[in-house]
Amino acid sequence: MGALRIGALGPLDVIAGGSPVVVKGGKQRTVLACLALRANSVVTADFLADVLWGDHPPARPGPQMQVYLANLRGLLEPGRPPGVGARHLLSRPGGYSLVVGEDELDLLQFRSLVALGQNAALEGNLPGAATCFRQAVRLFRGSPFPDLADIQAFRAELDQLEEMKLDTYQNLADIELARGRHSLLTGDLQRLVTNHPYREKLWESLALALYRDGRQGDALAACRSARKVMVQDLGIDPSERLKELEILVLQQDQSLDAPAVGFLRQAEKVNSVPPAVTPMLGRDSEFEEVCSLYKQEGCRLVTVTGPGGTGKTRLALAVASHIGETMDDGVGWVSMAPLTHPEQVPAAIASSLGLGDFGADGPLKMASRFLRQRRLLLVLDNFEHLEKAWPVVLDLLTGAPELRILATSRRRLGLRAEYEFELPPLALPPFDHILPPDVLREVPAVKLFLARGRAVRHFGVDESNASLLTRVCHRVDGLPLAIELAAAQLRHHSLEELLGELEQGLTSLPGAFRDLPGRQQTITATIAWSYRLLGKAEQELFDHLGVFAANPTTTAVRSICCCAADSGQAEDAALGVLLSHSLVRCYTDTEGNERVGVLHSIREFARQRLLARADADAVYRRHASYYLQLAETLAPALWGYGQISAFRELQADTAEFRSALLWATGQRGSDEVALGLIGHLWHYWELTGNVLEQYREAVKLVERAPDVPPAVLAPALSGAATLSWIVGRYDQAATLHHRAAETFREAGNQQGVAWSLMCLSVQAAQSEDLVLAERLALEALTTPGRGYRTRVSALIVLSRVAYHNGRYDTALELAQVESRIVV
């Protein structure tokens, strides 16, 4: 097999095995041209089919395409032995790829020569640069890829290639003018302005070349022709530069004899990345992940998202510094936080690239032209408040094939080319067991806290403060900004005092650093920045989320919260917006429930907003009513086969039940709701073994004899009695059980009466009053409407009493009855 050479910068021309090859058939030529235009990358089979047949594919496009590809393999590699795999036209997962070197495809050679020319110019080697650029433009034998010219899918790529060719001509003209070789340019430039009359820079180069060649009249005519084209065809005035050039030609100004240096100035490597003030700590894995994204084929736009204060900018600085070393043309950094309107974005980008006078083209077109041939990383920091500027990003990506963009934002840009990297808070140490100090200090959140703590005083971790340090890091959610603000308070507080302050609230953390932007001076300012970007409906939903003590289910959010919109799906839509702004996150818990995760600081901010609202009481009432209804649904299952699942679901919302009970027992609360919660949740509290707080609230409430229906009061009295018994207040428990029995009778609830009698029987047996225990158990057992649990429990008491009284046969008989019931 001989060398392969494919020419596509003009009519398709193929040489294989040392001989010209004729590629017959329009569709077969289209396939080869398509693969050549996207050489060394995968072109999907679906895309090829769409290009070949559009909306009218054959019944079996796959086999037909295989025929084209098999024929092309034979043409490109004549004499390939049977069984030997193809070297150039390869099948890839999902598509096909033309694998060629730059010496085998003129398009690749063109791009390589352009890059070599730019490097030569950057090094001051103007003859070498001119040679490369001249060789590059001479590769064009006509319109490139004519077989693809009428296919809309390739329009942008072909236009881009044409622009690249014209830019190369322009660069060649700039260098030759700088070398004083203007006489070589006039013919090519006259042809170019005829074919491309709207490119002012070509007209300027032509006028300057003619002037330096001693043809002042022709130079003046070129300036006037350019002005006529702009005014008559485009309806715009020529640029100030062209107007100035015309005047200078008229005046025969000596400055026109000076070498042109515009190209050399633009060839300098861009570096507008601000230096990092502090080191990046605890983000090694995230740093590696973001950098690795750009190694994936086709990844050109990465957006780092996350709540305010997670360290997105600091991570972007590290990534930009690292990736910038691999980018031929450097890194441009655009801080978008100071901008207030999307219209300001193009000028900010152009300025970051060192482009000053935008001229008539405007900053976006100038930036696009500058980036078109460059391999550069552009960082757009803090994009969230300028989301309507997304077309700017799309235009840049479309017009500059080697451009890579890294954006930071509290929400994604929403483009198809976008790879989102959600930056979580720093990893936290386990809360349930304290790590040894040497292990603890390597946990990312702790590592940052220690570093910032040492900046204000001598501070470290040892056995004495490991637990406090763990709790502090959890209290601030591992949020880097909160960690830094909290650690700064060690100047005035001990670690124990700091934890106490944090328990009172994160949003009260004072500002500590003057060099932070205003939106990050405090936690409150950081969250307020995101809050102001929300619409009215989303702000109302966000405020209402402040009613929750932890992470509610989405069902709870829909039932309790509301937003300023009329549609039935309003809450879901508003929640989606909060999610996109990184103010909340959604996840599925171990029981399969979808929940809304909210950081402590964001929840506290929302709670402050809620308390200032006129509808706060109504929201708290809906919250308490919802969780009362949830307790009514789940509590009965604690006594049956679904006990474990019901317990886990109640445990997942234990903070909400506690919050609902605290509100219900407060000044604006509801005795009926509070008693309902006690009446339904007392057995759950009993199973947890942690009842002291609930015991106090329950007894305090039932002892003030609230005016509620007996059906509500009776279960609460029974629950308060059981909680009293658990904490060892036996007399109080007996009194409350008697009250419960009376109240159950008043409510007409015989099952409740029987249960209270059974509980009194158990207490009597525990105090060794076996006569009373037996009498109460018999009474409970014979009460109409008794429940299953009451019957089993009463039989247990009776069998134990019989056993202690020496009536073993009776005890055995009762135990057998009991076992049959249980089975």
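Quantities reported herein were computed from a predicted structural model and do not represent experimental measurements.

Cut-off values and rules
- Residues numbered from 1 in each chain as written.
- Predicted model: local features only at pLDDT ≥ 70, side-chain atom pairs only at ≥ 80, totals over all residues.
- Heavy atoms only, no water.
- Helix = DSSP H or I, 4+ residues; strand = E, 2+ residues; numbered from the N terminus.
- Rg over C-alpha atoms; globule rule 2.2 N^0.38 Å.
- Buried < 20%, exposed > 50% of the residue type's maximum accessible area, 1.4 Å probe, protein only.
- Contact = heavy atoms within 4.5 Å.
- Axes fitted to C-alpha atoms, helices over the stretch in contact; angles between N-to-C directions.
- Parallel < 35°, antiparallel > 145°, perpendicular 65-115°, else oblique.
- Nonpolar A, V, L, I, M, F, W, Y, C, P; charged D, E, K, R; others polar.
- 1 Å grid on protein atoms, 1.4 Å probe; cavity = no way out; pocket = protein on both sides within 12 Å on 5 of 7 lines; lining within 4 Å.
- Points joined across faces, edges and corners; volume = space filled by probe spheres on them.
- Phe/Tyr/Trp six-rings, centres within 6.5 Å; stacked < 30°, edge-to-face > 60°.
- Polar contact = N/O pair within 3.5 Å; in protein donor to acceptor, adjacent residues only side chain to side chain.
- Pairing = 2+ DSSP bridges.
- pLDDT = per-residue confidence, 0-100.
- Salt bridge = Lys/Arg side-chain N within 4 Å of Asp/Glu carboxyl O.

Novice: Break down the overall build of the protein for me, with residues and values.
Specialist: The number of helices and strands found in the protein is 37 helices and 14 strands. For the protein, the C-alpha radius of gyration of 39 Å lies well beyond 28 Å, the compact-globule estimate for 823 residues. With the C-alpha coordinates of the protein rotated into their principal frame, the extents come out at 130 × 70 × 55 Å. Here the protein, with 823 residues, has 50% of them falling under the buried criterion. Long-range contacts, defined as pairs at least 24 residues apart, comprise 68% of the intrachain contacts of the protein with a sequence gap of at least 6.

Novice: Describe the packing of helix α2 (residues 45-53) against helix α3 (residues 61-76), with residues and values.
Specialist: Running from N to C, α2 and α3 cross one another at 90 degrees; their axes reach a closest spacing of 11 Å. Regarding the angle of α2 to α3, the classification is roughly perpendicular. Where α2 abuts α3, its residues A45, L48, A49, L52 and W53 lie against P61, Q64, M65 and Y68. When the residues that make up the contact of α2 with α3 are grouped by side-chain class, the tally is eight nonpolar, one polar and no charged.

Novice: Tell me about empty space enclosed by the protein, and name the residues and values.
Specialist: A probe matching the size of a water molecule, rolled over the atoms, marks out where space remains unfilled. The tally for this structure, following the rule as stated, stands at two cavities of 30 Å³ or more. Roughly 70 Å³ of volume is contained in the second largest cavity. The wall of the second largest cavity is formed by 13 residues, among which P307, G308, T526, I527 and I602 lie closest to the centre. Broken down by element, the residue count for the lining of the second largest cavity peaks at four residues, all from helix α22 (residues 523-531). Grouping the amino acids of the lining of the second largest cavity by side-chain chemistry returns seven nonpolar, five polar and one charged.

Novice: Describe the packing of aromatic side chains, naming the residues involved and giving the relevant values.
Specialist: Each aromatic ring pair is specified by the distance between its two centres and by the angle formed by the two planes. Within the structure shown, the criterion is met by 13 aromatic pairs. Look at Y626 and Y627: their rings are 5.0 Å apart centre to centre, the planes differ by 85 degrees, and that puts the pair in the edge-to-face class. In this structure, Y626 and Y627 share a single accessibility class: buried. A ring pair is formed by F647 and Y684, whose centres lie 5.3 Å apart and whose planes are at 50 degrees; its orientation type is tilted. You can see F647 sitting in helix α28 (residues 643-652) and its partner Y684 sitting in helix α30 (residues 671-688), a full 37 residues away along the chain.

Novice: Lay out the side chain of R212 with the relevant residues and their values.
Specialist: Tracing the backbone shows R212 in helix α8 (residues 200-212). Of the polar contacts made by the side chain of R212, one reaches the backbone oxygen of L177; its length is 2.9 Å.

Novice: Describe in detail the sheet that holds strand β6 (residues 95-98), supporting the description with residues and values.
Specialist: Spatial ordering of the open sheet is given by β4-β6-β5, a layout of three strands whose pairing is antiparallel. Here the strands that pair on one side only, and so sit at the sheet edges, are β4 (43-44) and β5 (89-92). Taken together, the four bridges between β5 and β6 define a ladder with antiparallel strand orientation. Bridging from a neighbouring strand, L90 pairs with S97 of β6. Across the sheet, helix α1 (residues 26-37) touches β4, β5 and β6, and the angle it forms with β6 is around 70 degrees.

Novice: Give me the lowdown on the confidence of the model for the protein, citing residues and values where you can.
Specialist: Chain-level pLDDT for the protein is 86 on average; 94% of the residues reach the 70-or-more range. Taken together, the stretch residues 260-267 has pLDDT below 50 and engages in 15 contacts with residues farther than four places along the chain or on a different chain.

Novice: Tell me about the sheet that holds strand β11 (residues 404-409), residues and numbers included.
Specialist: Working definition: the strands of a sheet are paired by backbone hydrogen bonds and lie parallel or antiparallel to each other. Here six strands make up an open sheet; going across it, the order is β7-β9-β10-β11-β8-β12 and the pairing parallel. Taken across any chain shown, the strands that pair with only one partner, and hence form the sheet edges, are β7 (270-271) and β12 (418-422). One ladder, built from two bridges, connects β7 with strand β9 (residues 330-335); its direction is parallel. Bridging across to β9, V270 finds its partner in G330.

Novice: Any chance you could break down the pattern of salt bridges for me, citing the residues and the numbers?
Specialist: Inspection of every chain in the model, using the stated rule, returns 34 salt bridges. The salt bridge partner of D572 is R558, with a shortest N-O separation of 2.6 Å. A residue pair is termed long-range when its members are at least 10 positions apart, and D572 in helix α25 (residues 570-580) and R558 in helix α24 (residues 554-560) qualify at 14 residues. Accessibility expressed as a relative area gives 40% for R558, which makes it partly exposed.

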